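# What the coordinates show
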Amino acid sequence: MYIVYLFVAALMGIGIYAVVMKDNILKKVIGLGIIGHGVHVLLVNIGHVEGGLIPIITSENIAYLGMHSVDPIPQALVLTSIVIDFGITVLALSIIVMIYKHIHSLSSKDVGKMKG
Amino acid sequence: MDMIVRTVAKGIVPFIWIYGAYIILHGHITPGGSFSGGVIVAAGAVLLIIAYGTKGAEKSLHEDNLHLLEALAGAVLVFLLLSEMFFRDYVTVLMGYFDIVSAGYVLLLNVAGGVMVLAALITIAYMFTRR
Amino acid sequence: MLIVIPIAILLMGALFTLAFRNDKIGITALIASFISLIYVFWSEAGAVFAFSGWEPPFGIVWVLDSFSIFMSLLVMGITSLIVIYSVRYIKKRSHRYYALICLISMGMIGVSLTGDIFNMYVFFEILSIASYGLVAFFSDRHALEGAFKYLIMGSFASSFILIGIALLYGLTGTLNMADIASNVSVMSHLPPIYMATLGIIIGGFCLKAAIFPFHAWKPDAIEGTPSPIGALFAATSSAIGLYCIMRVLFLFGLIQLNWILIAIGVITMFVGAFLAFMQKNITRLLAYSSISQVGYIVVAYGIGNLPAITAGTYQILNNALIEALLFMAFGAAIHVAGSEILGKVSVKNDFLLISCLIGILALIGIPLTNGFVSKWLIYMVTWTVNPILTVLTLVITGFTMAYSLKLFSSVFLSPDKKTIDIPMSMKIPIIIAVVFCIMMGILPQGGYVVSEIASKALFELPKYIGLVLG
């Protein structure tokens, strides 16, 4: 039953490994995306109810829907968070394009020496 | 790009745009809404940019027009969000016209948001493919 | 319901500034939103605004608490000074600059005023993304390296904040701040999962506020930016980060003596002061000194009683003014001299001499400046907890005196100086900041009363819950 939390931990571990240990800065940005997706899986799982019903009110199930339906709020939070992470990825990629124009290298050691 | 690519792109992009408009306009019933519909419309425009190059695509999708479109869509969005306070009686008439099943003026918000998203994404695509 | 107007003006200002490539629209939007913000707070302090009429536990509410009003007015005031200063500083591509400043201001006002925890995260992200863009504004090597480091670390912290919010939503079942507070306050003993969630959220916000283990992005980020943006970062990013930390602690009812915060604050003070000695670059030195000053605030917030929180809040206000003054004044010297290295900038200008001198005296905490008042309050509250803390704080004040006098003497008192002239629009905000520093040093009661009213709001949790949910 707790396998989803192990999956989230694995995704975040892979993402953190990519951000910290990889030398290519594009791989670091991909790692940021993986961390974000891990958090989204956690968010959607918070709203899950065992054997839950779809949260759409029709005229028959209005009496018992409140107690047994799946929570519809976390999926709205995940949509907002996906848009925010998309904005951050676009900004990171445009900064990488400008860095490449300066030093013609995608290695993070060269980025660290950019200032001299 | 090649003539085959250009002809196929020219033929298929209207269908992509109609599909994107379908997802924007049906955001209150089916999954989707402003953001995903805007991304699909922008994907069609990116196909045009790839097929015709930046200079060719700029003949129809000029960047200044995109900025203006985004600003106007943002103004419409802010006006709709503020209108509930200030123009309450006009807004209920507007809601009466656009009231689809029980969605109020979510349709107008989806269209405004979708236009903002597509203008922003096409601007980003231009920025990345320009030399 | 007038509270939405400043945010709407800022959003429209940002979009239309980009559409018409005219920077006057952005400047007008910022000044207009500041004036409308003052008017809204005058007429509606203490109100609760529910968006679209949805009732509080289900909809998003904005609460005009006195702590929120204090923070948003402070931030908008500093932004207005920066805008007047940067009219002459930024000449190329200025429409993008003012659009980004509009977005940063919108983010800061949204973070301060909201009463819903996910709304706070969304506005914090707007603020962060706009600030990543501003750090990379001059696209030269320093700016891009600082922007990349800041982006990676900042979005890492945002993911952690989102994990904390997800766990908090799973534990309490609601996103509204007052509802979370009322769910948490009925438990007499908080299970460890709540403490873990609190730790994750506070760790994420500590990175945004540049507090000890996570301060490494700040000097690189401030070094590459234009000087007005350096002033904005040093003055307000830590204020907003600390506001969020205090808000989360307030919801959990844990505003009390927290030794962890005191320890982190002391280490931050030491790290900032030690590393500021070894810098040869003026903006890096000022950035490390701002990290050190934030350590004072964290120590004061760690001791949890009302006099300590008042001292910390007053120190936030004074720190914002002093850092803005220092960055603007030294930024004017750097802008005209053309170099940033200590030893290559030596200017002779009476106006800059006096304003930098007052700024440095206020930073150290000499009497008759506002820095003295808030530092004296911090010495008094640390004495009641443990006298060793007061000794440590005084030692750091000594270090502050050392590096700031080194900075001042190298820029203004070296033998070969060249006379420079700075434009009038860069003088006006410096004059305003100096006048505020001296005035609040001679007559400190006004600032003290304001800080006390703002801090009292952090101790009245039942009243807050009743205001929103009642």
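None of the values given here were measured: they were computed from a predicted structure. (Residues numbered from 1 in each chain as written. Chains lettered and ligands numbered in written order. Predicted model: local features only at pLDDT ≥ 70, side-chain atom pairs only at ≥ 80, totals over all residues.)

Before going further, it helps to spend a moment on the overall build of chain B. When its secondary structure is counted, chain B shows five helices and zero strands. Counting helices and strands in the order they occur from the N terminus, chain B gives α-α-α-α-α. Across the 131 residues of chain B, 31% fall into the buried class. In chain B, once contacts between residues fewer than 6 apart in sequence are set aside, the share between residues at least 24 apart is 74%. (Helix = DSSP H or I, 4+ residues; strand = E, 2+ residues; numbered from the N terminus. Buried ≥ 20, exposed ≤ 12 C-beta atoms within 10 Å, placed from the backbone. Contact = placed C-beta atoms within 7 Å.)

In terms of helices and strands, chain C carries 19 helices and four strands. Whereas a compact globule of 470 residues would reach a radius of gyration of roughly 23 Å, chain C reaches 21 Å, a difference of no more than 12%. Principal-axis analysis of the C-alpha atoms places the extent of chain C at approximately 70 × 60 × 40 Å. Looking at chain C as a whole, 60% of its 470 residues are labelled buried. (Rg over C-alpha atoms; globule rule 2.2 N^0.38 Å.)

As for its placement among the helices and strands, Ile260(C) is situated in helix α11 (residues 259–277). C-alpha separation for the pair Ile260(C) and Gly302(C), spaced 42 residues apart in sequence, amounts to 7.5 Å.

Considered for burial, the residues of helix α7 (residues 177–185) of chain C that qualify are Met177(C), Ala178(C), Asp179(C), Ile180(C), Ala181(C) and Ser182(C). Packed against the buried residues of α7(C) are α5 (117–135), α6 (141–172), α10 (227–252) and α19 (461–469) of chain C.

Next up on the list: unusual backbone geometry. Look at His104(A): it is not a glycine, yet its phi comes out positive at around 55°. Mapped onto the elements, His104(A) comes out in the loop between α4 (73–103) and α5 (108–112). Residue class for His104(A) comes out exposed when judged on the 8 C-beta atoms lying within 10 Å of it. Despite not being glycine, Arg21(C) has its phi angle at roughly 55°, a positive value. As for its position among the elements, Arg21(C) is in the loop between α1 (4–20) and α2 (23–44).

On to the confidence of the model for chain B. Should pLDDT be low for a region, the predicted coordinates there are not to be read in detail. Chain-level pLDDT for chain B is 85 on average; 84% of the residues reach the 70-or-more range. Taken element by element, the predicted model of chain B shows its lowest mean pLDDT in helix α4 (residues 88–98) of chain B (65) and its highest in helix α1 (residues 3–25) of chain B (93). (pLDDT = per-residue confidence, 0-100.)

The next thing to look at is the nonpolar core. In this structure, Ala324(C) and Leu325(C) are the most contacted members of the largest nonpolar core, which totals 207 residues. Among the elements that take part in this core, helix α13 (residues 306–337) of chain C stands out by supplying 19 residues, more than any other. Discounting chain neighbours no more than four positions away, the residues touching Leu325(C) are Ser355(C), Gly359(C), Ile430(C), Ala433(C), Val434(C) and Cys437(C). Formed by 24 residues, the second largest nonpolar core is a distinct cluster that contains Val46(B), Val115(B), Leu118(B) and Ala119(B). (Core = buried A, V, L, I, M, F, W, Y, C linked by C-beta atoms within 7 Å.)

Its location among the elements puts Ala324(C) in helix α13. Along the chain, Ala324(C) and Ala50(C) lie 274 residues apart, while their C-alpha atoms are 35 Å from each other.

Turning next to the interface of chain A and chain C. Interface size is commonly expressed as the accessible area that is lost once the parts come together. On the chain C side, the residues contacting the 24 residues of chain A number 24 residues. No other element matches α4(A), which puts 12 residues into the side of chain A that touches chain C. The residue inventory of the side of chain A that touches chain C, partitioned by class, reads 17 nonpolar, five polar and two charged. (Nonpolar A, V, L, I, M, F, W, Y, C, P; charged D, E, K, R; others polar.)

Let us now look at α6(C). In an α-helix, one turn spans 3.6 residues, which is why side chains three or four residues apart end up on the same side. Residue and element names in this part refer to chain C. In this model α6 runs 46 Å from its N-terminal to its C-terminal C-alpha over 32 residues, within 8% of the 46 Å that 1.5 Å per residue would give. The buried count for α6 comes to 25 of 32 residues, which makes it a mostly enclosed element. Of the residues flanking the end of α6, it is Gly173, one or two places downstream, whose phi is positive at about 85°. (Expected span 1.5 Å × (residues − 1).)

What follows concerns the packing of helix α3 (residues 66–89) of chain C against α10(C). For any two helices packed against each other, the geometry is given by the interaxial angle and the distance between the axes. All names here are of chain C. Orientation of α3 relative to α10, taken along the N-to-C sense of each, is 170°, at an axis distance of 9 Å. With respect to α10, the element α3 is oriented roughly antiparallel. Contacts from Met71, Leu74, Val75, Ile78, Thr79, Ile82, Tyr85, Ser86 and Tyr89 of α3 reach α10 at Ser227, Pro228, Ala231, Leu232, Ala235, Thr236, Ala239, Ile240 and Tyr243. For the contact of α3 with α10, the residue count by class is 14 nonpolar, four polar and no charged. (Axes fitted to C-alpha atoms, helices over the stretch in contact; angles between N-to-C directions. Parallel < 35°, antiparallel > 145°, perpendicular 65-115°, else oblique.)

The next subject is the packing of helix α9 (residues 217–224) of chain C against helix α12 (residues 282–302) of chain C. Residues and elements named next belong to chain C. It is at 9 Å that the axes of α9 and α12 come closest, and there the two elements cross at 140°. Judged by the inter-axis angle, α9 sits oblique to α12. With respect to the hand of their crossing, α9 and α12 are arranged in right-handed fashion. Facing α9, whose interface residues are Lys218, Pro219, Ile222 and Glu223, α12 presents Thr283, Arg284, Ala287, Tyr288 and Ile291. Its residues assigned to classes, the contact of α9 with α12 shows five nonpolar, one polar and three charged. (Left-handed = near helix turned anticlockwise from the far one by under 90°.)

So, on to the confidence of the model for chain C. All names here are of chain C. Put simply, chain C has an average pLDDT of 88, and 100% of its residues get 70 or more. Mean pLDDT in chain C bottoms out at strand β4 (residues 418–419), which sits at 76, and peaks at α5, which reaches 93. Scored as a whole, the predicted complex attains pTM 0.93, and scored at its interfaces, ipTM 0.94.

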